[in-house]
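This is what each chain is made of:
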Amino acid sequence: MLRILIVTEYFYPDSFRINDLVKSFVSDGYEVTVLTGQPDYKTGFTPPEYRYPKNRRGVYGGVRVIRVPSVQRKTGTLRRAASYGSFVLTAGAWAACRSKRTGRAPITSDARRRGTGYDLVFCYQLSPVFQLVPAMLAAARSGCPLLCYCCDLWPESLKAWNVPETGAVYRA
């Protein structure tokens, strides 16, 4: 059985295409773990039942879900940047420290040979591109391939926020 770690800032109950992809992976017989933040996309606020540390670990449709703490999106450029950055930091810390050991489930022969718990890290990467960092750390730690499904229009998304092309953020 192929073991997949999915890294995405947004997951159920937030409504994104990754929810359908995860269901498809499970129906195909893969063992899936999702590393995600707290749901807050639609309203900018995390629902009380998901505020950290509630529902930090859980199961959704046969998928193991790990939620890391993050700053609530709310409104405004600085709050959103803080939200994005906090996910990268907390998910990156989890990936750097925990992605090698994945729990009690049996490990596939390829993963066992590498001494890891994942056969593939899949990043569902929305804006900003930095969400890829925790996935890269997890793949490096697990010694497995990284597949990135990039849904970002970087750097066009910065222009939508009126970030000047001459600024340091845009150049980075």
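First, a word on scope: everything that follows refers to the structure included in this document. The numbering scheme is per chain: residues are counted from 1 as the chain's sequence reads. In view of the model being predicted, local features appear only for residues whose pLDDT reaches at least 70, and side-chain atom pairs are presented and counted only at 80 or more, with totals across whole chains, interfaces and linings using the full set of residues. The basis for every side-chain value is the complete set of non-hydrogen atoms in the structure, without hydrogens or water.

Focus on the packing of helix α2 (residues 77-98) against helix α4 (residues 132-142)
In this analysis an axis means a line fitted to C-alpha atoms, helices contributing only their contacting stretch, and an angle means the value between N-to-C directions, from 0 to 180 degrees. For helices the rule is a DSSP run of H or I covering at least 4 residues; for strands it is a run of E covering at least 2, with both sets numbered from the N terminus onward. α4 packs onto α2 with a crossing angle of 0° between their chain directions and a minimal axis gap of 8 Å. With respect to their mutual orientation, α2 and α4 come out roughly parallel. Touching Val88, Ala91, Gly92, Ala95, Ala96 and Cys97 of α2 are Val133, Pro134, Leu137, Ala138 and Arg141, all from α4. Residue polarity is assigned by list, with Asp, Glu, Lys and Arg as charged and Ala, Val, Leu, Ile, Met, Phe, Trp, Tyr, Cys and Pro as nonpolar; anything else, Gly included, falls into the polar class. Residue composition of the contact of α2 with α4, grouped by class: nine nonpolar, one polar and one charged. Note on angle classes: values under 35 degrees are labelled roughly parallel, values over 145 roughly antiparallel, values of 65 to 115 roughly perpendicular, and the remainder oblique. What makes two residues a contact is simply this: any of their non-hydrogen atoms within 4.5 Å.

Quick notes on the pairing of strand β2 (residues 31-36)
Buried means the residue's accessible area, taken with a 1.4 Å probe over protein chains only, is under 20% of the maximum for its type, while exposed means over 50%, and partly exposed covers the values in between. Burial analysis of β2 places six of its six residues in the buried class, which makes it a mostly covered element. Where burial is concerned, the two faces of β2 agree: the one with Glu31, Thr33 and Leu35 and the one with Val32, Val34 and Thr36 are both buried. Any two strands with at least two DSSP-identified bridges between them are counted as paired. With five bridges connecting them, strand β1 (residues 3-7) and β2 associate as parallel partners. In the strand pairing of β2, arginine 3 is matched with glutamate 31. Orient the strands so they point away from the viewer, and a crossover whose first-strand-to-second-strand path over the helix runs clockwise is right-handed. In terms of handedness, the path from β1 via helix α1 (residues 17-27) over to β2 forms a crossover that is right-handed. Inspection of the sheet shows β2 paired to strand β4 (residues 63-67) by four bridges, in the parallel sense. Within β4, the residue paired with threonine 36 across the bridge is arginine 67.

What about the environment of cysteine 150?
For cysteine 150, the position within the fold is in strand β6 (residues 146-150). Given a relative accessible area of 44%, cysteine 150 falls into the partly exposed group. As a C-alpha pair, cysteine 150 and glutamine 125 span 25 residues in sequence and 4.8 Å in three-dimensional space.

Regarding the sheet that holds β6
Strand order in this open sheet of six strands is β3-β4-β2-β1-β5-β6, and the pairing throughout is mixed. Only two strands of the sheet have a single partner each, and these edge strands are β3 (57-60) and β6. Mean inter-strand twist for the sheet, computed between neighbouring axes without regard to direction, equals 20°. On top of the sheet, α1 reaches β1, β2, β3, β4, β5 (120-125) and β6; it is set at about 155° to β5, its chief contact. Contacts from α4 reach β1, β5 and β6, with the element oriented near 180° to β5.

Quick word on α1
All of the buried residues in α1 are Ile18, Asn19, Val22 and Phe25. One side of α1 holds all its buried residues, which, seen down the axis, span an arc of 125°. Opposite the buried face of α1, at more than 90 degrees from it, the exposed residues are Arg17 and Ser27. Contacts made by the buried residues of α1 are with β1, β2, β4 and β5. Backbone geometry just downstream of α1 places glycine 29 in the positive-phi region, at approximately 95°. Of all possible arcs, the one meant is that of the directions from the helix axis to the C-beta atoms.

Geometry only, nothing functional implied.
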